[in-house]
Structures are given as structure tokens and as C-alpha cells.
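Here is what each chain is made of, one letter per residue.
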Amino acid sequence: MNLHEYQAKNLLKKYGTRIQEGVMIESTSDAIIAAKKLSDETGTSWYVVKAQVHAGGRGKAGGVKLAKGIDKVEDIVDEILGMTIVNRQTGPAGKLVRKVLIAQDVYYPGEHEIREFYVSLLLDRAKGQLCFIYSTEGGMDIEEVAESTPEKVCKEWIDPNVGLQGFQVRKMAFNLGLSGLAFKNMCKFLSSVYKAYVSSDASLVEINPCLIASDEAVIAVDGKISLDGNGLFRQKDLAEMRDILEEDPTEVEAGEVGLSYVKLDGNVGCMVNGAGLAMATMDMIKIAGQEPANFLDVGGTADAKRVETAFRIILKDSNVKAILVNIFGGIVRCDRVAQGIVDAYKSIGNIPVPIIVRLQGTNAAEAKDIIDQSGLKVYPVIQLKDAALKVEEVLA
Ligand code: GDP
Ligand code: MN
């Protein structure tokens, strides 16, 4: 589950991270009150208006703008609220801006040079350890930095059994070229980011830019946090921060009926039971030269109702040109699933794309009979390889 920037920053602040303070609003009429409140709290007279959507790269897309005075705030909020941000991260449909953060300007001039660093903390699955990724080249696209100047991206792994150690924090601050007050502030900053990550069952915390302000304060100017969905049952407060409007509506609908569905970009819809079989099926589709349109695990109880819901969800994707059903009858009986498919087909009416059905396991033969006798445009197959070949054939 992803958080908005304003939520991520509030969470970081709770664990002691210094943040660029802000007030989130959903209506232009609240802009002036929010800006005044912010000035009372922080003393700022300049503001940054920031679109709150679940995507980065907002700055370049026109979703982050500086207001040099309270008289400029309302117009800028009006401009950003309701705009659609379109970039690589949002996909071609873009993301509608429903909320904005009015934040204090923290790029104020002063004694020291202002610098933008990059700091993130994530799980390195291969090593089974947490990993800080950090760089002096913040503010911009970190993927680009990693590509063109990989030596400027540093990593520090943390053994989960001992946790983050003081020497590691100092090493990172040192590698970032800091000394004096900035060094001390960075050490505090990194420790608090680690605390926030572990305490909230996060899977990613990314701060870009992490600002070294002109008074050597270390400040989270941006904040992205992804929470581990498996930890949400014990993170009730965080679970409430979910913003369903930012999620793919079809994925939300699937989740409500207990189907694991992830939309992809291909044209072959998949309906499979079991995550492992679903992965294998997607591999077979790729081997056949096609691309899966989705991942869909219907789970253990592939009855007619669930099969029908799954069909409806797959068919919402207009890219789908064929559907491959691949069910292994272990606990569930294949003939029941076959009947479910036939019922679903009749209930939905005219399904405009060919359906290839592979049912293996308990009562597979009976299942094939049911499909054969249904008179529907459904192609039964037994072997997984044949299923892939059939997909290739119907799409040719
Ligand atoms: P992103 O583009 O979605 O990653 O959004 P960010 O929160 O990282 O903001 C984008 C850019 O806006 C930053 O890299 C800064 O250059 C600029 N920015 C953010 N906050 C301030 C601020 O307080 N003052 C000024 N002058 N610029 C800011
Ligand atoms: Mn950013």
C-alpha cells in the first residue's frame, strides 16, 4: 500500500525526521487559511504547492510550484488542483490531482550552500537485509544517476538481527561529504528514517530530495512510503490512510471479492488458481510470443460465482484478445470449475474473445466433456504447452 507524500512525511516526523512542514487541502477555498497556519507555525512567507498523487516526477510535470508570497497561493492551488499529471510513473491515463500540499519553502538562502541528496531504505530480498541507498546526487531521477554515474550511488546493508549501528550511520554521513552540524543532523535523520521504516512495516521509504538547508538542517522535502500489505493487520492507523481513488479500480474490485488481480499490458487474459501456476502460465504465454494482460489468482474455491467475477474483471480490459483459463483441480474438482465456466459464459452472455481452458487434476475428463458439450466457443486443452500453442493459434 502506498502513502501520499503528506502522509509519508507525517509518519517520518513521528519518528523524529525533520520534514518540510505542510498542510494538505482538498479545496482552493482552504488555501489561504492553510498558508497562514503554516506561516504561524514555521515563519515562512514563501510556499510550495505540491500535487498529492501516488506518483513521482510531479515537479517536471508541473505539479510542484513555488508561491513567492501568500497572495500567489490561491491561484497556484487553483491551477494544480484538478490537473492531470501524466508521466512515465502515472502511465498514459495520468493521475487526477484531488489533494494538494501547501508546504513551507525550505530553500531559503543562508550561510551554507543548499544541497539535494537522495536517501532511501528498502528490503534487499536477495540478501535478506535492509539496505540504505544514498547519494549526493539527489533531486533528480536516481535511475539516471545509477545508470550514468553508478559510483555516486552508495549502499549500506543492515543485518536485521542487530539493527542499524551507530558506525553505519556515521559512515553514511561521512560518505555524503558532511561535517560539523550537517554531519550530526544527517546521523539523526538516517536513524529516524530507519526507525520509521521498521516501526511501520514499510517495504520502501524514499526521500528525494533530502535537503541540506542553508542552516545545515537536514530536511525531508519529498517522501514516498510503501507499506507491506502483510503487515497492515497490525498497523490499523496506517491502514486507514489508504486512498482507494489512487489505486487501479479493477484491482480494488478484485480485492473486494478476494481475487488477487494485477493488471499488466499484454493481450492474453489469464485466470489461474494458485500464484505459482499463475506465474508458470504467464511464462508459457510469453514463450508462445504473446504478453499476459494480467495476473489473476482465483484462489482455492474456483466456483461459478468467482469464475464469473474473474471473467468480468478480465473483460473490462479492452486489450484482452483471448483468455486462458488454467486451473489445477486439487481440492476443487475440475468438473465443478467447468460447469462454473459454462454458467459464467451463459450469464455474461456473448464473450467476444476466444477462451482456452486447461483443466487438470481431479475429474479432468468429466470437465472436458462438459466443455465439449456446452457448444460454446471454448477450446479445451490438457497440456500446458498445448494451451500456449492454442493461444498463439487463436491470436494468429
Ligand atoms: P517530485 O518531482 O514528484 O519528486 O516532487 P518533489 O517533492 O521532489 O519536488 C520537486 C522539486 O521541487 C524538488 O526537487 C525541488 O527542486 C522543488 N522544491 C521542493 N520543495 C521546494 C522548496 O521548498 N523550495 C523550492 N524553491 N523548491 C522546492
Ligand atoms: Mn522527489
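Residues numbered from 1 in each chain as written. Chains lettered and ligands numbered in written order. Predicted model: local features only at pLDDT ≥ 70, side-chain atom pairs only at ≥ 80, totals over all residues. Heavy atoms only, no water.

1. As for the site of ligand 1
At step 1: Around ligand 1, a shell composed of 19 residues is seen, among which K50, R58, G59, D105 and V106 lie nearest.
At step 2: Taking G57, its main chain carries an N or O atom lying 3.2 Å from an oxygen atom of ligand 1.
At step 3: One nitrogen or oxygen atom from the main chain of V106 is found 2.9 Å from an oxygen atom belonging to ligand 1.
At step 4: Burial of ligand 1 by the protein chains amounts to 80% of its free accessible area of 570 Å². (Near = heavy atom within 4 Å. Polar contact = N/O pair within 3.5 Å; in protein donor to acceptor, adjacent residues only side chain to side chain. Areas by Shrake-Rupley, 256 points an atom, 1.4 Å probe, with all protein chains shown as cover.)

2. Considering the coordination of the manganese ion (ligand 2)
At step 1: Within the protein, the manganese ion (ligand 2) binds to N208 (O) and D222 (OD); these donor distances fall in the range 2.2 Å. Here D222 lies in the loop between β11 (218–220) and β12 (224–227) and N208 lies in strand β10 (residues 202–212), a separation of 14 residues in the sequence. Here N208 and D222 have matching classes, each one buried. (Donors = N, O, S within 2.8 Å, 3.2 Å for Na, K, Ca; no water. Helix = DSSP H or I, 4+ residues; strand = E, 2+ residues; numbered from the N terminus. Buried < 20%, exposed > 50% of the residue type's maximum accessible area, 1.4 Å probe, protein only.)

3. Brief notes about the pattern of salt bridges
Two side chains carrying opposite charge are able to pair once their charged atoms lie near each other.
At step 1: Evaluation of the coordinates by the stated rule reveals 21 salt bridges.
At step 2: In this structure, the salt-bridge partner of K50 is E5, at a minimum N-O distance of 2.7 Å. Of the two residues, K50 sits in strand β2 (residues 47–51) while E5 sits in helix α1 (residues 5–14), which places them 45 residues apart along the sequence. Of the two residues, K50 and E5, both sit in the buried class.
At step 3: In this structure, E308 and R312 form a salt bridge, with 2.9 Å as the shortest nitrogen-oxygen distance. With E308 and R312 both in helix α10 (residues 304–315) and four residues apart, the pair spans about one turn of that helix.
At step 4: With a relative accessible area of 39%, R312 lands in the partly exposed category.
At step 5: Ionic contacts of the salt-bridge type, sharing partners, join the residues E5, K9, K50, R58 and D222 into one network. (Salt bridge = Lys/Arg side-chain N within 4 Å of Asp/Glu carboxyl O.)

4. With respect to the nonpolar core
At step 1: Judged by nonpolar contacts, the single largest core of 40 residues is most densely connected at F132, M186 and I225.
At step 2: For this core, the secondary-structure elements that each account for two or more residues are α1, β7 (115–124), β8 (129–135), α5 (166–175), α6 (180–199), β10, β11 and β12.
At step 3: Counting residues per element, this core draws most heavily on α6, at ten residues.
At step 4: In this view, F132 contacts V119, S120, L121, C154, K155, E156, I158, L164, M172, L190, V193 and Y194; residues no more than four positions away in its chain are not counted. (Core = buried A, V, L, I, M, F, W, Y, C linked by side-chain atoms within 4.5 Å. Contact = heavy atoms within 4.5 Å.)

5. Here we look at the pairing of strand β16 (residues 322–329)
At step 1: Most of β16 sits inside the fold, with seven of its eight residues counted as buried.
At step 2: Sheet topology note: the β16/strand β17 (residues 355–361) ladder contains seven bridges and is parallel. Bridging from a neighbouring strand, G329 pairs with G361 of β17.
At step 3: A crossover connection joins β16 to the parallel β17 through helix α11 (residues 334–348); in handedness this β-α-β unit is right-handed. (Pairing = 2+ DSSP bridges. Right-handed = clockwise from strand over helix to strand, strands pointing away.)

Purely geometric stuff here, so don't read any function into it on its own.
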